[in-house]
Amino acid sequence: MRPPSQFGEDITNQTNNEEPDPRMVSMLICTKLAGRAVTRVVGRCNDAKENSNLDLSNCQLMQVPDAVYHLMRHTELKTCDLSDNVITKIPPKFAAKFSLITDLNLAHNQMAKLPDEIAEMGNLQRLDISYNTFIALPNAIFKIPKLEQLNASNNHIVDVEIELLEEAPSLEKVDLTTNPLTARCHDQLSAITKIQITLSPREKEDWEDLTI
């Protein structure tokens, strides 16, 4: 008598000496990986209850799971690290649920925008949105009252609202290196003195290169 399979049916079809269905194997692997990701998220949420620092980096997240808000509902978080995932957007409720955060790391994701509600994160001092797909800096960033440092390097930012940038209430440092800024925007940013702005060297336009 053949022993029962762990999954109900013997996916290897050993009696017929057939190869296992690759789709079934892939599904089982994905299920196991998903289970590990969930376990990792829950474990890190439990850690955050102890140290107030939520580290969900490299958790294969496409969004912030609703379960995270539930698990963290009685915890006053200081920092939140969501880097190295595949997150495409942050929901408006994120700002309300995690309003006490001082450091937010969203680097190495696939975001192109942020919710306007991020301006309501009244304690946020450091924001990292590097290595995403932003083509412009969200205007809401300039309204965050205590934001001091912004890392927006390695995006696809072409232009920046200079007036809004200069009017940001607490901004001290901005990293815009490795962005395809227009020559005009690059020159305007270089002229700003009250904020420390880091830029990559401006590439000359064809008409400026006298060697051609």
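Model, not experiment: these values are computed from the prediction.

J.: Can you help me understand the side chain of Asn179 in this one?
T.: Turning to its location among the elements, Asn179 is positioned in the loop between strand 6 (173-175) and helix 5 (183-190). Using a relative accessible area of 12% as the deciding quantity, one classes Asn179 as buried. A polar side-chain atom of Asn179 sits 3.2 Å from the main-chain carbonyl oxygen of Leu176. Beyond its immediate stretch of four places on either side in the chain, Asn179 contacts Ala152, Ser153, Asn154, Asn155, His156 and Ile157.

J.: Explanation requested: the packing of aromatic side chains in the structure shown.
T.: The relation between two aromatic rings is expressed through the spacing of the ring centres and the mutual angle of the planes. In this structure the tally under the stated criterion is 2 aromatic pairs. Where Tyr69 meets Phe98, the ring centres are 5.6 Å apart and the plane angle is 35 degrees; that geometry is what we call tilted. Within this pair, whereas Tyr69 is found in helix 2 (residues 66-71), its partner Phe98 is found in the loop between helix 3 (93-97) and strand 3 (103-105), the two being separated by 29 residues in sequence. Residue Tyr69 shares its accessibility class with Phe98, and that shared class is buried. Their ring planes at 90 degrees and their centres at 5.0 Å tell us that Phe94 and Phe98 sit as a pair that is edge-to-face. Across this residue pair, the class does not change: Phe94 and Phe98 are buried. The rings of Tyr69, Phe94 and Phe98 are connected pair by pair, giving a single aromatic cluster.

J.: How should I be thinking about the sheet that holds strand 7 (residues 196-198) in this particular structure?
T.: Think of a sheet as strands paired side by side through backbone hydrogen bonds, with each pair either parallel or antiparallel. Taken in spatial order, the 7 strands make up an open sheet running 1-2-3-4-5-6-7, and their pairing is parallel. Two strands in the sheet have a free side with no partner beyond their single neighbour: strand 1 (53-55) and strand 7. Adjacent strand axes in the sheet meet at a mean angle of 5 degrees when their direction is disregarded. Here strand 3 runs beside strand 4 (residues 126-128); their pairing, made up of 3 bridges, is parallel. Note that in strand 4 the partner of Asn105 across the bridge is Asp128.

J.: Teacher, can you tell me more about the pattern of salt bridges here?
T.: Two side chains bearing opposite charge may form a pair once their charged atoms approach each other closely. Applying the stated criterion across every chain yields a total of 4 salt bridges. Close ionic contact of Asp103 with Arg126 constitutes a salt bridge, the shortest N to O distance being 2.5 Å. Linking Asp103 in strand 3 with Arg126 in strand 4, this pair joins segments that are 23 residues apart in sequence. For Asp103, a relative accessible area of 22% gives the class partly exposed. Arg126 sits in the partly exposed class, given a relative accessible area of 29%. For the salt bridge of Arg202 with Asp187, the shortest nitrogen-to-oxygen distance reads 3.2 Å. Placement of Arg202 in the segment after strand 7 and of Asp187 in helix 5 is noted, with a sequence separation of 15 residues between them. Its relative accessible area of 28% is what places Arg202 among the partly exposed residues. With relative accessibility at 42%, the residue Asp187 sits in the partly exposed group.

Criteria and cut-off values
Residues numbered from 1 in each chain as written. Predicted model: local features only at pLDDT ≥ 70, side-chain atom pairs only at ≥ 80, totals over all residues. Heavy atoms only, no water. Helix = DSSP H or I, 4+ residues; strand = E, 2+ residues; numbered from the N terminus. Buried < 20%, exposed > 50% of the residue type's maximum accessible area, 1.4 Å probe, protein only. Polar contact = N/O pair within 3.5 Å; in protein donor to acceptor, adjacent residues only side chain to side chain. Contact = heavy atoms within 4.5 Å. Phe/Tyr/Trp six-rings, centres within 6.5 Å; stacked < 30°, edge-to-face > 60°. Pairing = 2+ DSSP bridges. Axes fitted to C-alpha atoms, helices over the stretch in contact; angles between N-to-C directions. Salt bridge = Lys/Arg side-chain N within 4 Å of Asp/Glu carboxyl O.

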